Amino acid sequence: MPVLESTLTCPACGHQETAIMPTDACLFFHDCSACGALLKPKPGDCCVFCSYGSVPCPPVQLQGRGCCSG
């Protein structure tokens, strides 16, 4: 069973917030609630959780591949 809660850390201001990850969709963008920065996945990552989260997205946890990989 994958962990669904991940703490996102904003690369611009360092603010941390906990979010529940979707199991059926990629989250490509997230607005930092502290500074308003738009978080986007780093090159090679499938979503913001894999780039900035304390836990990678559920498909990566279960299969070791990106959530948008075919």
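Since the structure is predicted, the reported quantities are computational estimates derived from the model, not experimental observations. (Residues numbered from 1 in each chain as written. Predicted model: local features only at pLDDT ≥ 70, side-chain atom pairs only at ≥ 80, totals over all residues. Heavy atoms only, no water.)

Enquirer: Give a detailed account of the overall build of the chain, specifying residues and quantitative values.
Expert: Across its full length, the chain holds 2 helices and 4 strands. For the chain, the C-alpha radius of gyration of 11 Å lies close to 11 Å, the compact-globule estimate for 70 residues. When the accessible surface of the chain is summed, it comes to about 4,100 Å², and 54% of that surface belongs to carbon and sulfur atoms. (Helix = DSSP H or I, 4+ residues; strand = E, 2+ residues; numbered from the N terminus. Rg over C-alpha atoms; globule rule 2.2 N^0.38 Å. Areas by Shrake-Rupley, 256 points an atom, 1.4 Å probe, with all protein chains shown as cover.)

Enquirer: Which residues make up the pairing of strand S2 (residues 16–20), and what values go with them?
Expert: Bridge analysis of strand S1 (residues 5–9) against S2 gives 5 bridges, and the strand direction is antiparallel. Paired with Ser6 across the bridge in S2 is Ala19. Joining the antiparallel neighbours S1 and S2 is a turn of 6 residues, in which Gly14 adopts a positive phi near 85°. (Pairing = 2+ DSSP bridges.)

Enquirer: If you had to explain the nonpolar core to someone new, which residues and values would you point to?
Expert: Of all hydrophobic cores here, the largest spans 13 residues; its most connected members are Leu39, Val48 and Phe49. No other element matches helix H1 (residues 48–52), which puts 3 residues into this core. Each residue touching Phe49, except ones within four places of it in the same chain, is listed here: Ser6, Leu8, Ala19, Ile20, Met21, Pro22, Leu27, Val55, Pro56 and Cys57. (Core = buried A, V, L, I, M, F, W, Y, C linked by side-chain atoms within 4.5 Å. Buried < 20%, exposed > 50% of the residue type's maximum accessible area, 1.4 Å probe, protein only. Contact = heavy atoms within 4.5 Å.)

Enquirer: Go over the confidence of the model for the chain with me, naming the residues and quoting the values.
Expert: On average, residues of the chain score 89 in pLDDT, and 90% of them are at 70 or above. Within the chain, no element has a lower average pLDDT than helix H2 (residues 58–63), which sits at 85, and none a higher one than strand S4 (residues 38–39), at 98. (pLDDT = per-residue confidence, 0-100.)

Enquirer: Now, about a nonpolar patch on the surface: what can you tell me, with residues and values included?
Expert: On the surface, Phe28, Phe29 and Leu38 cluster together to form a nonpolar patch covering roughly 300 Å² of accessible area. With respect to the secondary-structure elements, Phe28 resides in the loop between S2 and strand S3 (30–31). The class for Phe28 is partly exposed, based on a relative accessible area of 39%. (Patch = residues over 30% accessible without salt bridge, like charges linked within 9 Å, V, L, I, M, F, W, Y side chains within 5 Å. Salt bridge = Lys/Arg side-chain N within 4 Å of Asp/Glu carboxyl O.)

Enquirer: Give a detailed account of the environment of Ser54, specifying residues and quantitative values.
Expert: Among the structural elements, Ser54 can be located in the loop between H1 and H2. Taking the C-alpha atoms as reference points, Ser54 and Ser33, 21 residues apart in sequence, are found 17 Å from one another. A polar atom in the side chain of Ser54 sits 2.9 Å from the backbone nitrogen of Thr7. (Polar contact = N/O pair within 3.5 Å; in protein donor to acceptor, adjacent residues only side chain to side chain.)

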